Amino acid sequence: KSADITWTTNEATTSQILYRRVGETAYLSAADNILQVSHFMTLSGLIANVDYEFYIIARDAAGNTARSPIHTFKTLPDNIPPANVRNFIATPDDGLNVLTWQNPIDPDFLGVRIMRSTSTYPRNTKEGDIVYVGSGVSVTDTGLINGVKYYYTAFTYDTSLNYSSGAITDGTPIGKLPPEEEIEETSPEEAK
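Residues numbered from 1 in each chain as written. Predicted model: local features only at pLDDT ≥ 70, side-chain atom pairs only at ≥ 80, totals over all residues. Heavy atoms only, no water.

### Looking at the overall build of the chain
Here is step 1: On a plain count of helices and strands, the chain comes out with 0 helices and 12 strands.
Here is step 2: The C-alpha radius of gyration of the chain comes to 30 Å, more than 25% above the 16 Å expected for a compact globule of 192 residues.
Here is step 3: By residue count, 39% of the 192 residues in the chain fall in the buried class.
Here is step 4: Of the roughly 12000 Å² of accessible surface on the chain, 51% is carried by carbon and sulfur atoms. (Helix = DSSP H or I, 4+ residues; strand = E, 2+ residues; numbered from the N terminus. Rg over C-alpha atoms; globule rule 2.2 N^0.38 Å. Buried < 20%, exposed > 50% of the residue type's maximum accessible area, 1.4 Å probe, protein only. Areas by Shrake-Rupley, 256 points an atom, 1.4 Å probe, with all protein chains shown as cover.)

### As for the sheet that holds strand S9 (residues 129-134)
Here is step 1: Spatially, 4 strands are ordered S9-S8-S11-S12 in an open sheet, and the strand pairing comes out antiparallel. On the outer flanks of this sheet lie S9 and strand S12 (167-171), each paired with one strand and no other. In this sheet, adjacent strand axes meet at a mean angle of 20° when their direction is disregarded. (Pairing = 2+ DSSP bridges. Axes fitted to C-alpha atoms, helices over the stretch in contact; angles between N-to-C directions.)

### Structural notes on the packing of aromatic side chains
Here is step 1: Within this structure, the stated rule accounts for 7 aromatic pairs.
Here is step 2: Centroid distance Tyr27 to Tyr55: 5.3 Å. Interplanar angle 80°. Geometry classified as edge-to-face. Highlighted residues: Tyr27 in the loop between strand S1 (2-21) and strand S2 (28-44) and Tyr55 in strand S3 (residues 51-60), separated in sequence by 28 residues.
Here is step 3: On the numbers, 5.5 Å between centres and 55° between planes, the contact of Trp101 with Tyr132 is tilted. In this pair, Trp101 is assigned in strand S7 (residues 96-102) and Tyr132 in strand S9, connecting sequence segments 31 residues apart. Each of the two residues, Trp101 as well as Tyr132, counts as buried.
Here is step 4: Aromatic ring contacts, followed pair by pair, group Tyr52, Phe54 and Phe73 into a single cluster.
Here is step 5: Here Arg67 stacks its cationic end above the ring of Tyr55, 3.7 Å away from the centre of that ring. (Phe/Tyr/Trp six-rings, centres within 6.5 Å; stacked < 30°, edge-to-face > 60°. Lys NZ or Arg CZ within 6 Å of the ring centre and 35° of its normal.)

### Some words on the sheet that holds S7
Here is step 1: Read across the sheet, 3 strands follow the order S6-S7-S10 without closing on themselves; strand pairing throughout is antiparallel. On the outer flanks of this sheet lie strand S6 (86-93) and strand S10 (138-141), each paired with one strand and no other. Taken over all neighbouring pairs, the strand axes of this sheet differ in orientation by 15° on average, direction set aside.
Here is step 2: For S7 and S10, the ladder comprises 4 bridges, and the chain directions are antiparallel. Along S10, the bridge assignment pairs Leu99 with Val139.

### As for a nonpolar patch on the surface
Here is step 1: Side chains of Leu110, Leu161 and Tyr163 sit close together on the surface and give an oily, nonpolar patch of about 270 Å² of accessible area.
Here is step 2: Tracing the backbone shows Tyr163 in the loop between strand S11 (150-158) and S12.
Here is step 3: Of the residues examined, Tyr163 reaches a relative accessible area of 32% and is grouped as partly exposed. (Patch = residues over 30% accessible without salt bridge, like charges linked within 9 Å, V, L, I, M, F, W, Y side chains within 5 Å. Salt bridge = Lys/Arg side-chain N within 4 Å of Asp/Glu carboxyl O.)

### Concerning the nonpolar core
Here is step 1: If you look at the biggest cluster of nonpolar residues, it comprises 16 residues, and the most contacted ones within it are Phe88, Leu99, Trp101, Ile114 and Tyr152.
Here is step 2: Only S6, S7, strand S8 (109-117), S9 and S11 provide two or more residues apiece to this core.
Here is step 3: Counting 14 residues, the second-largest nonpolar core is a separate cluster that includes Ile5, Trp7, Ile17 and Leu46. (Core = buried A, V, L, I, M, F, W, Y, C linked by side-chain atoms within 4.5 Å.)

### Quick word on the pattern of salt bridges
Here is step 1: One pass over the structure, following the stated rule, counts 4 salt bridges.
Here is step 2: Salt-bridge contacts for Arg116 lead to Asp141; the nearest nitrogen and oxygen are separated by 2.7 Å. Of this pair, Arg116 sits in strand S8 while Asp141 sits in strand S10, and the two are 25 residues apart along the sequence.
Here is step 3: Arg123 serves as the salt-bridge partner of Glu127, at 2.9 Å between the closest nitrogen and oxygen.

### Quick word on the pairing of S6
Here is step 1: Sheet topology places S6 next to S7; 6 bridges connect them, and they run antiparallel. When the sheet's bridge partners are listed, Arg86 is paired in S7 with Gln102.
Here is step 2: Following S6, the chain reverses through 2 residues before pairing antiparallel with S7; Gly95 in that reversal takes a positive phi of roughly 75°.

This is the structure we're talking about:
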């Protein structure tokens with residue numbers, strides 16, 4: 001996400017833009033050290049759908065400076081979802097499934113919402129039961145019934161609340177095996 005800012009000065013100057021998200025305390029800085037009258041600068045690494053404020057400091061060849069008033073702009077909304085999680089795996093155990101995954105590296109990635117169903121893989125973030133919401137990389141889904149297959153879909157979301165198509169996995173909890181009973185062998189004569 002980026003913003004292009006253009007301005008002119010009445011004499012050749014170098015320029016510095018100080019900018020920040022509205023409400024933050026620290027400013028970021030971008031500078032152009034070429035003496036000119038027409039100025040153009042791109043601010044990059046911005047977050048979509050957010051209000052920013054900035055001001056410009058111009059310096060002429062003699063070292064005189066001038067400062068602009070504070071201006072504001074809002075970045076455009078983002079409608080591109082982040083990538084899905086990778087290596088989404090369910091490892092069954094007694095009455096539970098341990099879910100693990102790797103988060104995408106998208107710069108605006110915010111978190112993962114995992115949905116569960118016993119009938120089919122959830123197709124959206126409202127279908128099934130919520131298992132997890134957050135930015136971690138594992139969760140243990142407990143209180144499950146052994147022998148029942150559980151279907152999971154992990155939807156990633158970004159700072160603009162765009163959701164990915166979803167990654168799927170499933171797991172069937174297994175109970176602890178009962179101890180083997182010893183069977184006494186009987187001879188055919190004793191069975192009579």
